[in-house]
Amino acid sequence: MSSPQPPAPSPRVVPIALIVAAIVCVLEPGVHGDWGRDDYFQLAFARLVGSPWPLFAHDHFPVPGSVFRPLGFASMWLGVQLFGSDYAAHAWSDVALHAAVALALFALLRRLRIAPWPAALATLAFALHPAATGPALWWSARFDLLATLFVLLALVAAVEYRDHGDRRWLAAALLAALAAMLSKEIGLVAVAAAGVLWLRQALTVTAQRRRALFACVGAALCAAVYFGWRARVLGTAASGITGTTPLGEAILAGIGTWLQQAPGYLTFWPRLDGFARGALVVLALASLPALRGTRLPGRDDVATVLCGLVLLVSPALLQAPVAALNAHPLGTGESAIEAAMQSRLYYLGIAGGAIVLATALDRAWRTRFAAYGPLLGAIAAGVLVAFGVTARRDAQAFTEGSVRNAAVAHAAVDAVDALALPTTPCHVVFLGIDPAPEWSVYVSMDSVVKALDADLARVAPCWFHANYPTWFFLMPASVDASAALPYRPLQDEGRTVPWLHVGGATIAYLDAHVAADADARARYLRWNGRGFDEVGADAAAPPAGSGPP
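I will try to describe carefully the structure that is included in this document. (Residues numbered from 1 in each chain as written. Predicted model: local features only at pLDDT ≥ 70, side-chain atom pairs only at ≥ 80, totals over all residues. Heavy atoms only, no water.)

**Considering the packing of helix 13 (residues 301-313) against helix 17 (residues 347-365)**
For step 1, the next point in the chain: Relative orientation of the contacting elements helix 13 and helix 17 amounts to 155 degrees, with a least axis distance of 6 Å. Here helix 13 lies roughly antiparallel to helix 17, going by the angle between them. Pair helix 13 / helix 17 crosses with left-handed handedness. Taken together, the residues of helix 17 that come into contact with helix 13 (itself represented by Asp-301, Thr-304, Val-305, Gly-308, Leu-309, Leu-311 and Leu-312) are Leu-348, Gly-349, Gly-352, Gly-353, Ile-355, Val-356, Thr-359 and Arg-363.
For step 2, the next point in the chain: Within the contact of helix 13 with helix 17, the residues separate by chemical class into seven nonpolar, six polar and two charged. (Axes fitted to C-alpha atoms, helices over the stretch in contact; angles between N-to-C directions. Helix = DSSP H or I, 4+ residues; strand = E, 2+ residues; numbered from the N terminus. Parallel < 35°, antiparallel > 145°, perpendicular 65-115°, else oblique. Left-handed = near helix turned anticlockwise from the far one by under 90°. Contact = heavy atoms within 4.5 Å. Nonpolar A, V, L, I, M, F, W, Y, C, P; charged D, E, K, R; others polar.)

**Notes on the sheet that holds strand 7 (residues 500-502)**
For step 1, the next point in the chain: Taken together, the three strands give an open sheet; going across it, the order is 3-8-7, and neighbouring strands pair in antiparallel fashion. A single partner strand is all that each edge strand has here, and the edge strands are strand 3 (473-476) and strand 7. Taking each pair of neighbouring strands and ignoring which way they run, the sheet shows an average axis angle of 25 degrees.
For step 2, the next point in the chain: Relative to strand 3, helix 2 (residues 39-49) is tilted by about 15 degrees, and along the sheet it contacts strand 3, strand 7 and strand 8 (505-508). (Pairing = 2+ DSSP bridges.)

**Re the pairing of strand 2 (residues 463-466)**
For step 1, the next point in the chain: The two faces of strand 2 match: Trp-463 and His-465 on one face and Phe-464 and Ala-466 on the other face are all buried.
For step 2, the next point in the chain: As paired elements, strand 1 (residues 427-431) and strand 2 share four bridges and run parallel to each other. By the bridge assignment for strand 2, Phe-430 is matched with Ala-466. (Buried < 20%, exposed > 50% of the residue type's maximum accessible area, 1.4 Å probe, protein only.)

**Looking at the pattern of salt bridges**
For step 1, the next point in the chain: By the definition in use, this model includes 14 salt bridges.
For step 2, the next point in the chain: For the salt bridge of Asp-144 with Lys-184, the shortest nitrogen-to-oxygen distance reads 2.8 Å. Residue Asp-144 is found in helix 7 (residues 142-164), and its partner Lys-184 is found in the loop between helix 8 (167-183) and helix 9 (188-204); the two are separated by 40 residues along the sequence.
For step 3, the next point in the chain: With relative accessibility at 4%, the residue Lys-184 sits in the buried group.
For step 4, the next point in the chain: The residue Lys-450 makes a salt bridge to Asp-446 at a minimum N-O spacing of 2.8 Å. (Salt bridge = Lys/Arg side-chain N within 4 Å of Asp/Glu carboxyl O.)

**Notes on the packing of helix 3 (residues 70-83) against helix 7**
For step 1, the next point in the chain: Where helix 3 meets helix 7, the closest approach of the two axes is 9 Å, and the angle between their N-to-C directions is 115 degrees. It follows from the interaxial angle that helix 3 and helix 7 lie roughly perpendicular. Judged by the sense of rotation from one axis to the other, the crossing of helix 3 with helix 7 is right-handed. For the pair helix 3 and helix 7, contact is made by Leu-71, Gly-72, Phe-73, Ser-75 and Met-76 and by Arg-142, Phe-143, Leu-146 and Phe-150, respectively.
For step 2, the next point in the chain: Partitioned by chemical class, the residues of the contact of helix 3 with helix 7 number six nonpolar, two polar and one charged.

**Overview of a nonpolar patch on the surface**
For step 1, the next point in the chain: A cluster of nonpolar side chains, contributed by Val-14, Leu-18, Trp-117 and Trp-365, occupies part of the molecular surface with about 350 Å² of accessible area.
For step 2, the next point in the chain: Considering the arrangement of structural elements, one finds Leu-18 in helix 1 (residues 13-27).
For step 3, the next point in the chain: The exposure class of Leu-18 is partly exposed, given its relative accessible area of 38%. (Patch = residues over 30% accessible without salt bridge, like charges linked within 9 Å, V, L, I, M, F, W, Y side chains within 5 Å. Areas by Shrake-Rupley, 256 points an atom, 1.4 Å probe, with all protein chains shown as cover.)

Written out as C-alpha coordinates, the structure is:
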(Lines give C-alpha, C1' and ligand atoms only; values in the text may rest on other atoms or scores of the structure.)
Protein backbone atom coordinates (compact mmCIF):
# COMPACT_ATOMS: atom_id res chain seq x y z
CA MET A 1 0.00 0.00 0.00
CA SER A 2 1.50 3.30 -1.07
CA SER A 3 1.95 6.08 1.45
CA PRO A 4 -0.35 9.10 1.07
CA GLN A 5 1.01 11.94 -1.02
CA PRO A 6 1.63 15.27 0.73
CA PRO A 7 -0.89 17.95 -0.14
CA ALA A 8 0.01 20.23 -3.04
CA PRO A 9 1.15 23.73 -2.08
CA SER A 10 -1.53 26.38 -2.02
CA PRO A 11 -1.64 28.52 -5.20
CA ARG A 12 -1.02 31.49 -2.94
CA VAL A 13 1.99 29.98 -1.14
CA VAL A 14 4.12 29.36 -4.24
CA PRO A 15 4.18 32.99 -5.49
CA ILE A 16 4.83 34.26 -1.95
CA ALA A 17 7.70 31.82 -1.46
CA LEU A 18 9.13 32.82 -4.84
CA ILE A 19 8.96 36.53 -4.02
CA VAL A 20 10.70 36.11 -0.66
CA ALA A 21 13.36 33.76 -2.04
CA ALA A 22 14.16 36.11 -4.93
CA ILE A 23 14.55 39.09 -2.59
CA VAL A 24 16.89 37.19 -0.27
CA CYS A 25 18.97 35.91 -3.18
CA VAL A 26 19.40 39.35 -4.73
CA LEU A 27 20.01 41.36 -1.54
CA GLU A 28 22.15 38.87 0.40
CA PRO A 29 25.48 40.41 -0.76
CA GLY A 30 24.40 43.77 0.65
CA VAL A 31 23.96 42.63 4.26
CA HIS A 32 27.73 42.33 4.63
CA GLY A 33 28.23 46.08 4.20
CA ASP A 34 28.58 48.83 6.77
CA TRP A 35 27.02 52.06 7.97
CA GLY A 36 26.98 55.16 5.79
CA ARG A 37 25.74 58.70 5.40
CA ASP A 38 22.95 59.69 7.83
CA ASP A 39 23.14 56.22 9.42
CA TYR A 40 25.58 57.30 12.12
CA PHE A 41 23.44 60.23 13.25
CA GLN A 42 20.27 58.16 13.41
CA LEU A 43 22.01 55.27 15.13
CA ALA A 44 23.62 57.51 17.75
CA PHE A 45 20.36 59.41 18.27
CA ALA A 46 18.44 56.15 18.76
CA ARG A 47 20.99 55.05 21.38
CA LEU A 48 20.73 58.32 23.29
CA VAL A 49 17.03 59.13 23.12
CA GLY A 50 16.12 56.42 25.64
CA SER A 51 12.46 56.01 24.70
CA PRO A 52 10.47 56.36 21.48
CA TRP A 53 7.57 58.28 23.00
CA PRO A 54 9.19 61.76 23.09
CA LEU A 55 9.63 61.48 19.32
CA PHE A 56 5.87 61.92 18.93
CA ALA A 57 5.82 65.14 20.94
CA HIS A 58 9.12 66.88 20.15
CA ASP A 59 10.94 68.18 17.11
CA HIS A 60 13.55 65.48 16.50
CA PHE A 61 15.44 66.49 13.35
CA PRO A 62 18.75 68.43 13.46
CA VAL A 63 17.36 71.10 11.12
CA PRO A 64 14.59 72.46 13.39
CA GLY A 65 11.04 72.71 12.07
CA SER A 66 11.78 70.55 9.04
CA VAL A 67 10.44 67.01 9.19
CA PHE A 68 8.11 65.04 11.46
CA ARG A 69 8.78 61.29 11.21
CA PRO A 70 8.26 59.91 14.72
CA LEU A 71 7.26 56.41 13.65
CA GLY A 72 10.24 56.10 11.33
CA PHE A 73 12.65 57.15 14.07
CA ALA A 74 10.81 54.92 16.57
CA SER A 75 11.40 51.92 14.30
CA MET A 76 15.11 52.73 14.35
CA TRP A 77 15.02 52.97 18.12
CA LEU A 78 13.43 49.52 18.25
CA GLY A 79 16.10 48.15 15.95
CA VAL A 80 18.81 49.49 18.24
CA GLN A 81 17.14 47.87 21.25
CA LEU A 82 17.11 44.55 19.42
CA PHE A 83 20.42 44.60 17.54
CA GLY A 84 22.58 47.35 19.03
CA SER A 85 25.08 48.59 16.43
CA ASP A 86 25.32 45.26 14.57
CA TYR A 87 25.07 46.32 10.93
CA ALA A 88 24.33 42.84 9.54
CA ALA A 89 21.37 42.35 11.88
CA HIS A 90 19.93 45.73 10.92
CA ALA A 91 20.54 44.98 7.23
CA TRP A 92 18.67 41.68 7.44
CA SER A 93 15.79 43.46 9.18
CA ASP A 94 15.63 45.91 6.27
CA VAL A 95 15.64 43.02 3.80
CA ALA A 96 12.71 41.59 5.78
CA LEU A 97 10.98 44.99 5.68
CA HIS A 98 11.46 45.20 1.90
CA ALA A 99 10.00 41.69 1.61
CA ALA A 100 7.04 42.80 3.74
CA VAL A 101 6.47 45.76 1.39
CA ALA A 102 6.54 43.38 -1.59
CA LEU A 103 4.08 41.00 0.06
CA ALA A 104 1.78 43.91 0.91
CA LEU A 105 1.89 44.89 -2.78
CA PHE A 106 1.06 41.31 -3.76
CA ALA A 107 -1.83 41.26 -1.29
CA LEU A 108 -3.15 44.54 -2.73
CA LEU A 109 -3.00 43.21 -6.28
CA ARG A 110 -4.88 40.09 -5.26
CA ARG A 111 -7.53 42.23 -3.51
CA LEU A 112 -7.82 44.14 -6.77
CA ARG A 113 -8.65 40.78 -8.39
CA ILE A 114 -5.40 40.42 -10.33
CA ALA A 115 -4.68 36.75 -11.06
CA PRO A 116 -1.91 35.14 -8.92
CA TRP A 117 0.86 34.90 -11.50
CA PRO A 118 0.42 38.35 -13.09
CA ALA A 119 0.35 39.71 -9.53
CA ALA A 120 3.52 37.79 -8.66
CA LEU A 121 5.38 38.97 -11.77
CA ALA A 122 4.45 42.59 -11.14
CA THR A 123 5.42 42.28 -7.48
CA LEU A 124 8.79 40.85 -8.48
CA ALA A 125 9.27 43.73 -10.92
CA PHE A 126 9.04 46.01 -7.88
CA ALA A 127 10.94 43.79 -5.45
CA LEU A 128 13.94 43.21 -7.74
CA HIS A 129 14.03 46.65 -9.34
CA PRO A 130 17.54 48.03 -8.70
CA ALA A 131 16.08 51.40 -7.69
CA ALA A 132 13.99 49.61 -5.03
CA THR A 133 16.63 47.21 -3.75
CA GLY A 134 19.12 50.07 -3.27
CA PRO A 135 17.04 51.87 -0.63
CA ALA A 136 16.43 48.50 1.05
CA LEU A 137 20.18 48.32 1.71
CA TRP A 138 20.56 51.87 3.05
CA TRP A 139 19.42 51.95 6.66
CA SER A 140 18.53 55.64 6.51
CA ALA A 141 15.97 54.91 3.78
CA ARG A 142 13.93 53.10 6.45
CA PHE A 143 11.47 56.00 6.36
CA ASP A 144 10.63 55.28 2.71
CA LEU A 145 10.24 51.53 3.22
CA LEU A 146 8.06 51.93 6.29
CA ALA A 147 5.87 54.62 4.72
CA THR A 148 5.41 52.52 1.57
CA LEU A 149 4.47 49.48 3.64
CA PHE A 150 1.74 51.39 5.47
CA VAL A 151 0.52 53.03 2.23
CA LEU A 152 0.01 49.60 0.67
CA LEU A 153 -1.62 48.19 3.82
CA ALA A 154 -3.95 51.20 3.88
CA LEU A 155 -4.93 50.48 0.28
CA VAL A 156 -5.57 46.79 1.04
CA ALA A 157 -7.99 47.89 3.76
CA ALA A 158 -9.46 50.61 1.50
CA VAL A 159 -10.27 48.03 -1.20
CA GLU A 160 -11.85 45.73 1.38
CA TYR A 161 -14.03 48.59 2.62
CA ARG A 162 -14.95 49.57 -0.93
CA ASP A 163 -15.99 46.03 -1.82
CA HIS A 164 -17.65 44.94 1.42
CA GLY A 165 -18.55 48.06 3.42
CA ASP A 166 -17.33 46.86 6.81
CA ARG A 167 -16.35 49.98 8.76
CA ARG A 168 -13.65 48.06 10.59
CA TRP A 169 -11.79 48.01 7.28
CA LEU A 170 -12.28 51.77 6.98
CA ALA A 171 -10.82 52.26 10.46
CA ALA A 172 -7.88 50.02 9.52
CA ALA A 173 -7.32 52.00 6.31
CA LEU A 174 -7.26 55.34 8.15
CA LEU A 175 -4.98 54.05 10.92
CA ALA A 176 -2.55 52.62 8.37
CA ALA A 177 -2.64 55.90 6.43
CA LEU A 178 -1.82 57.84 9.61
CA ALA A 179 1.04 55.42 10.33
CA ALA A 180 2.35 56.00 6.81
CA MET A 181 2.30 59.79 7.32
CA LEU A 182 4.06 59.44 10.68
CA SER A 183 6.77 57.40 8.95
CA LYS A 184 7.48 59.96 6.24
CA GLU A 185 5.63 62.73 4.42
CA ILE A 186 5.08 60.53 1.37
CA GLY A 187 2.56 58.65 3.51
CA LEU A 188 0.05 61.29 2.41
CA VAL A 189 -0.15 59.29 -0.82
CA ALA A 190 -2.26 56.76 1.10
CA VAL A 191 -5.00 59.35 1.53
CA ALA A 192 -4.86 60.39 -2.12
CA ALA A 193 -4.85 56.85 -3.53
CA ALA A 194 -7.60 55.60 -1.23
CA GLY A 195 -9.59 58.71 -2.06
CA VAL A 196 -9.31 57.90 -5.77
CA LEU A 197 -10.69 54.40 -5.18
CA TRP A 198 -13.58 55.68 -3.10
CA LEU A 199 -14.39 58.65 -5.35
CA ARG A 200 -14.42 56.36 -8.36
CA GLN A 201 -16.94 54.16 -6.56
CA ALA A 202 -19.05 57.20 -5.64
CA LEU A 203 -19.17 58.26 -9.31
CA THR A 204 -19.87 54.85 -10.82
CA VAL A 205 -21.95 52.96 -8.22
CA THR A 206 -24.92 55.05 -7.17
CA ALA A 207 -26.00 52.60 -4.46
CA GLN A 208 -22.63 52.94 -2.71
CA ARG A 209 -22.17 56.69 -3.15
CA ARG A 210 -22.98 57.67 0.42
CA ARG A 211 -20.68 55.02 1.85
CA ALA A 212 -17.83 56.02 -0.45
CA LEU A 213 -18.19 59.74 0.29
CA PHE A 214 -18.23 58.97 4.00
CA ALA A 215 -14.86 57.26 3.57
CA CYS A 216 -13.49 60.26 1.65
CA VAL A 217 -14.46 62.57 4.51
CA GLY A 218 -12.73 60.21 6.92
CA ALA A 219 -9.58 60.30 4.79
CA ALA A 220 -9.60 64.11 4.74
CA LEU A 221 -10.00 64.21 8.52
CA CYS A 222 -7.13 61.76 8.90
CA ALA A 223 -4.87 64.04 6.86
CA ALA A 224 -6.03 67.04 8.91
CA VAL A 225 -5.11 65.23 12.15
CA TYR A 226 -1.62 64.60 10.77
CA PHE A 227 -1.10 68.19 9.64
CA GLY A 228 -2.36 69.54 12.96
CA TRP A 229 -0.16 67.16 14.95
CA ARG A 230 2.86 68.02 12.82
CA ALA A 231 2.31 71.79 13.11
CA ARG A 232 1.85 71.50 16.88
CA VAL A 233 5.17 69.67 17.30
CA LEU A 234 7.27 71.60 14.77
CA GLY A 235 5.75 74.99 15.48
CA THR A 236 5.10 75.57 11.77
CA ALA A 237 2.88 74.23 9.02
CA ALA A 238 5.74 74.65 6.54
CA SER A 239 9.25 73.16 6.62
CA GLY A 240 12.65 74.59 7.39
CA ILE A 241 14.47 71.95 5.37
CA THR A 242 14.86 74.29 2.40
CA GLY A 243 16.77 76.85 4.47
CA THR A 244 16.56 80.36 3.05
CA THR A 245 14.81 79.17 -0.14
CA PRO A 246 11.03 79.82 0.06
CA LEU A 247 9.14 76.52 0.37
CA GLY A 248 6.93 77.22 -2.64
CA GLU A 249 9.94 77.95 -4.81
CA ALA A 250 11.66 74.77 -3.60
CA ILE A 251 8.56 72.68 -4.32
CA LEU A 252 8.26 73.97 -7.88
CA ALA A 253 11.97 73.39 -8.54
CA GLY A 254 11.82 69.96 -6.90
CA ILE A 255 8.82 68.81 -8.95
CA GLY A 256 10.67 69.71 -12.13
CA THR A 257 13.81 67.94 -10.94
CA TRP A 258 11.89 64.82 -9.87
CA LEU A 259 9.98 64.55 -13.15
CA GLN A 260 13.11 65.14 -15.19
CA GLN A 261 15.07 62.44 -13.38
CA ALA A 262 12.23 59.96 -12.85
CA PRO A 263 12.54 58.10 -16.20
CA GLY A 264 16.14 57.18 -15.42
CA TYR A 265 15.35 55.80 -11.97
CA LEU A 266 12.01 54.15 -12.86
CA THR A 267 13.63 52.20 -15.70
CA PHE A 268 17.21 52.22 -14.34
CA TRP A 269 18.12 52.59 -18.02
CA PRO A 270 21.55 54.25 -17.67
CA ARG A 271 22.92 51.34 -15.59
CA LEU A 272 21.35 48.42 -17.50
CA ASP A 273 23.24 46.35 -20.06
CA GLY A 274 22.11 45.85 -23.66
CA PHE A 275 20.06 42.71 -22.97
CA ALA A 276 18.19 44.34 -20.11
CA ARG A 277 17.42 47.44 -22.16
CA GLY A 278 16.14 45.36 -25.05
CA ALA A 279 13.93 43.25 -22.78
CA LEU A 280 12.51 46.38 -21.17
CA VAL A 281 11.62 47.92 -24.54
CA VAL A 282 10.02 44.70 -25.79
CA LEU A 283 7.99 44.39 -22.57
CA ALA A 284 6.72 47.98 -22.89
CA LEU A 285 5.69 47.52 -26.52
CA ALA A 286 4.19 44.06 -25.98
CA SER A 287 2.11 45.35 -23.05
CA LEU A 288 0.27 47.96 -25.11
CA PRO A 289 -2.25 45.59 -26.71
CA ALA A 290 -3.06 44.22 -23.26
CA LEU A 291 -4.58 47.55 -22.26
CA ARG A 292 -7.39 46.76 -24.70
CA GLY A 293 -7.62 43.17 -23.57
CA THR A 294 -10.36 41.41 -21.67
CA ARG A 295 -11.07 42.61 -18.15
CA LEU A 296 -12.65 40.56 -15.43
CA PRO A 297 -16.37 41.31 -15.10
CA GLY A 298 -17.10 43.36 -12.00
CA ARG A 299 -13.52 44.61 -11.72
CA ASP A 300 -12.80 48.34 -12.11
CA ASP A 301 -9.50 48.47 -13.97
CA VAL A 302 -9.76 52.24 -14.38
CA ALA A 303 -9.73 52.64 -10.60
CA THR A 304 -6.78 50.24 -10.31
CA VAL A 305 -4.71 52.09 -12.91
CA LEU A 306 -5.58 55.47 -11.40
CA CYS A 307 -4.51 54.19 -7.98
CA GLY A 308 -1.20 53.03 -9.43
CA LEU A 309 -0.65 56.35 -11.19
CA VAL A 310 -1.27 58.25 -7.94
CA LEU A 311 1.47 56.20 -6.26
CA LEU A 312 3.72 56.69 -9.27
CA VAL A 313 3.39 60.47 -9.64
CA SER A 314 2.45 61.89 -6.22
CA PRO A 315 5.99 61.59 -4.81
CA ALA A 316 6.99 64.30 -7.31
CA LEU A 317 5.14 66.75 -5.04
CA LEU A 318 5.84 65.18 -1.66
CA GLN A 319 9.56 64.61 -2.28
CA ALA A 320 9.99 67.95 -4.06
CA PRO A 321 11.81 69.90 -1.28
CA VAL A 322 14.40 67.12 -0.91
CA ALA A 323 14.71 66.73 -4.69
CA ALA A 324 15.36 70.45 -5.01
CA LEU A 325 18.18 70.26 -2.48
CA ASN A 326 20.22 67.22 -3.42
CA ALA A 327 18.69 65.07 -6.17
CA HIS A 328 21.03 63.92 -8.93
CA PRO A 329 20.22 62.17 -12.20
CA LEU A 330 21.05 58.50 -12.48
CA GLY A 331 24.13 57.80 -14.55
CA THR A 332 27.03 55.41 -14.76
CA GLY A 333 29.61 57.51 -12.92
CA GLU A 334 28.19 57.48 -9.39
CA SER A 335 28.81 54.64 -6.98
CA ALA A 336 26.23 52.02 -6.03
CA ILE A 337 25.92 53.77 -2.66
CA GLU A 338 25.07 57.12 -4.21
CA ALA A 339 22.61 55.46 -6.60
CA ALA A 340 20.92 53.73 -3.65
CA MET A 341 20.62 56.97 -1.70
CA GLN A 342 19.11 58.82 -4.65
CA SER A 343 16.76 55.94 -5.53
CA ARG A 344 14.81 56.37 -2.30
CA LEU A 345 12.92 59.24 -3.94
CA TYR A 346 11.34 56.74 -6.35
CA TYR A 347 10.73 53.71 -4.12
CA LEU A 348 7.00 54.33 -3.68
CA GLY A 349 6.62 55.33 -7.32
CA ILE A 350 8.01 51.98 -8.47
CA ALA A 351 5.30 50.23 -6.45
CA GLY A 352 2.73 52.34 -8.30
CA GLY A 353 4.25 51.37 -11.64
CA ALA A 354 3.98 47.71 -10.60
CA ILE A 355 0.23 48.13 -10.09
CA VAL A 356 -0.15 49.45 -13.65
CA LEU A 357 2.04 46.61 -14.98
CA ALA A 358 -0.02 44.02 -13.12
CA THR A 359 -3.19 45.29 -14.76
CA ALA A 360 -1.64 44.93 -18.23
CA LEU A 361 -0.29 41.45 -17.47
CA ASP A 362 -3.62 40.30 -16.10
CA ARG A 363 -5.50 41.54 -19.15
CA ALA A 364 -3.02 39.70 -21.37
CA TRP A 365 -3.54 36.57 -19.26
CA ARG A 366 -7.26 36.71 -19.98
CA THR A 367 -7.07 37.48 -23.69
CA ARG A 368 -8.67 35.14 -26.22
CA PHE A 369 -5.25 34.62 -27.80
CA ALA A 370 -3.97 31.81 -25.62
CA ALA A 371 -0.29 32.43 -26.32
CA TYR A 372 -0.31 36.17 -25.59
CA GLY A 373 -0.40 35.96 -21.80
CA PRO A 374 2.39 33.36 -21.44
CA LEU A 375 4.49 35.22 -24.04
CA LEU A 376 4.16 38.52 -22.19
CA GLY A 377 4.89 36.68 -18.94
CA ALA A 378 8.06 35.22 -20.45
CA ILE A 379 9.22 38.66 -21.57
CA ALA A 380 8.50 40.01 -18.09
CA ALA A 381 10.50 37.14 -16.60
CA GLY A 382 13.44 38.15 -18.79
CA VAL A 383 13.24 41.68 -17.44
CA LEU A 384 13.10 40.30 -13.91
CA VAL A 385 16.26 38.28 -14.45
CA ALA A 386 18.02 41.35 -15.82
CA PHE A 387 16.81 43.45 -12.87
CA GLY A 388 17.89 40.77 -10.42
CA VAL A 389 21.38 40.46 -11.89
CA THR A 390 21.84 44.24 -11.86
CA ALA A 391 20.49 44.57 -8.33
CA ARG A 392 22.71 41.79 -6.97
CA ARG A 393 25.75 43.34 -8.64
CA ASP A 394 24.91 46.71 -7.09
CA ALA A 395 24.36 45.07 -3.69
CA GLN A 396 27.87 43.64 -3.84
CA ALA A 397 29.27 47.03 -4.89
CA PHE A 398 27.30 48.66 -2.05
CA THR A 399 28.96 46.31 0.42
CA GLU A 400 32.45 46.90 -0.90
CA GLY A 401 32.07 50.67 -0.97
CA SER A 402 30.43 50.99 2.45
CA VAL A 403 33.04 48.76 4.11
CA ARG A 404 35.81 50.83 2.55
CA ASN A 405 34.21 54.10 3.65
CA ALA A 406 33.58 52.87 7.18
CA ALA A 407 37.21 51.98 7.84
CA VAL A 408 37.89 55.46 9.20
CA ALA A 409 34.82 55.24 11.44
CA HIS A 410 35.93 52.00 13.09
CA ALA A 411 39.47 53.29 13.41
CA ALA A 412 38.14 56.41 15.15
CA VAL A 413 36.25 54.31 17.69
CA ASP A 414 39.34 52.18 18.35
CA ALA A 415 41.42 55.33 18.87
CA VAL A 416 38.90 56.81 21.30
CA ASP A 417 38.74 53.56 23.24
CA ALA A 418 42.53 53.67 23.67
CA LEU A 419 42.48 57.34 24.66
CA ALA A 420 42.43 58.78 28.16
CA LEU A 421 39.46 61.08 27.71
CA PRO A 422 39.75 64.49 29.39
CA THR A 423 37.42 65.43 32.19
CA THR A 424 34.63 67.93 31.63
CA PRO A 425 34.77 69.80 29.35
CA CYS A 426 35.75 66.84 27.18
CA HIS A 427 36.80 67.66 23.62
CA VAL A 428 38.42 65.33 21.09
CA VAL A 429 39.48 66.63 17.68
CA PHE A 430 40.01 64.36 14.66
CA LEU A 431 42.43 65.68 12.05
CA GLY A 432 43.50 64.76 8.54
CA ILE A 433 40.24 63.11 7.49
CA ASP A 434 39.22 63.28 3.84
CA PRO A 435 35.55 62.21 3.92
CA ALA A 436 34.35 59.71 1.32
CA PRO A 437 32.39 61.24 -1.57
CA GLU A 438 29.22 59.52 -0.36
CA TRP A 439 29.73 61.10 3.07
CA SER A 440 30.81 64.58 1.98
CA VAL A 441 30.73 66.73 5.15
CA TYR A 442 27.45 65.28 6.42
CA VAL A 443 28.90 62.46 8.55
CA SER A 444 30.23 63.92 11.78
CA MET A 445 32.82 62.14 13.88
CA ASP A 446 30.67 62.99 16.90
CA SER A 447 27.86 60.84 15.50
CA VAL A 448 30.29 58.12 14.40
CA VAL A 449 31.77 57.60 17.86
CA LYS A 450 28.43 57.72 19.65
CA ALA A 451 26.87 55.35 17.13
CA LEU A 452 29.53 52.65 17.32
CA ASP A 453 31.36 52.84 20.64
CA ALA A 454 30.41 49.98 22.94
CA ASP A 455 30.72 52.20 26.03
CA LEU A 456 28.20 54.91 25.25
CA ALA A 457 28.17 56.24 28.81
CA ARG A 458 31.90 56.98 28.55
CA VAL A 459 31.84 58.85 25.24
CA ALA A 460 28.39 60.50 25.40
CA PRO A 461 29.48 63.57 27.47
CA CYS A 462 32.37 64.34 25.07
CA TRP A 463 32.35 66.66 22.07
CA PHE A 464 34.01 65.10 19.02
CA HIS A 465 35.19 67.59 16.39
CA ALA A 466 36.86 67.14 13.00
CA ASN A 467 38.83 69.06 10.41
CA TYR A 468 35.57 69.59 8.50
CA PRO A 469 32.35 71.20 9.82
CA THR A 470 30.34 69.49 12.54
CA TRP A 471 26.82 70.78 12.00
CA PHE A 472 25.49 69.48 15.31
CA PHE A 473 26.51 67.36 18.31
CA LEU A 474 24.52 64.58 19.97
CA MET A 475 24.73 64.85 23.73
CA PRO A 476 22.97 63.49 26.82
CA ALA A 477 19.90 65.39 28.02
CA SER A 478 21.76 66.63 31.13
CA VAL A 479 24.34 68.64 29.17
CA ASP A 480 24.40 72.43 29.23
CA ALA A 481 26.46 75.13 27.55
CA SER A 482 29.10 75.13 30.29
CA ALA A 483 30.08 71.58 29.31
CA ALA A 484 31.11 72.86 25.87
CA LEU A 485 33.63 75.49 27.02
CA PRO A 486 35.71 77.01 25.50
CA TYR A 487 33.19 76.71 22.65
CA ARG A 488 30.01 78.75 22.75
CA PRO A 489 26.48 78.01 21.51
CA LEU A 490 25.92 78.95 17.89
CA GLN A 491 24.57 82.42 17.20
CA ASP A 492 22.33 83.30 14.26
CA GLU A 493 21.73 87.01 13.65
CA GLY A 494 22.65 87.77 17.24
CA ARG A 495 20.38 85.11 18.76
CA THR A 496 21.42 81.78 20.24
CA VAL A 497 20.21 78.82 18.19
CA PRO A 498 18.13 76.75 20.64
CA TRP A 499 19.29 73.23 21.39
CA LEU A 500 16.75 70.48 20.81
CA HIS A 501 15.92 68.24 23.77
CA VAL A 502 14.27 64.92 22.90
CA GLY A 503 13.97 62.34 25.65
CA GLY A 504 17.49 61.43 26.78
CA ALA A 505 19.17 63.21 23.86
CA THR A 506 20.18 66.79 23.16
CA ILE A 507 20.97 68.09 19.67
CA ALA A 508 23.46 70.89 20.33
CA TYR A 509 24.91 73.54 18.02
CA LEU A 510 28.31 75.13 18.69
CA ASP A 511 30.24 77.96 17.09
CA ALA A 512 33.74 76.51 16.79
CA HIS A 513 35.19 79.77 15.50
CA VAL A 514 35.19 81.36 18.95
CA ALA A 515 37.79 78.81 20.09
CA ALA A 516 40.65 80.23 18.06
CA ASP A 517 43.32 78.91 20.45
CA ALA A 518 43.77 75.18 20.79
CA ASP A 519 42.55 74.00 24.17
CA ALA A 520 45.40 72.25 25.97
CA ARG A 521 42.90 69.99 27.72
CA ALA A 522 41.54 68.59 24.44
CA ARG A 523 42.88 65.46 22.78
CA TYR A 524 43.91 65.44 19.13
CA LEU A 525 43.92 62.41 16.81
CA ARG A 526 45.41 62.57 13.31
CA TRP A 527 44.53 60.10 10.52
CA ASN A 528 47.56 58.35 9.04
CA GLY A 529 45.77 56.39 6.34
CA ARG A 530 45.27 53.27 8.45
CA GLY A 531 44.49 54.57 11.92
CA PHE A 532 44.74 57.57 14.21
CA ASP A 533 47.82 58.84 16.05
CA GLU A 534 47.53 61.12 19.05
CA VAL A 535 49.25 64.47 18.51
CA GLY A 536 49.79 67.46 20.73
CA ALA A 537 47.79 70.67 20.72
CA ASP A 538 50.70 72.55 19.19
CA ALA A 539 50.44 70.40 16.04
CA ALA A 540 46.71 70.93 15.62
CA ALA A 541 44.63 73.64 14.02
CA PRO A 542 41.25 74.54 15.54
CA PRO A 543 38.27 72.46 14.36
CA ALA A 544 36.25 73.56 11.38
CA GLY A 545 33.09 75.58 11.90
CA SER A 546 29.89 74.14 13.29
CA GLY A 547 26.20 74.85 13.18
CA PRO A 548 23.09 73.69 11.33
CA PRO A 549 23.66 73.16 7.57
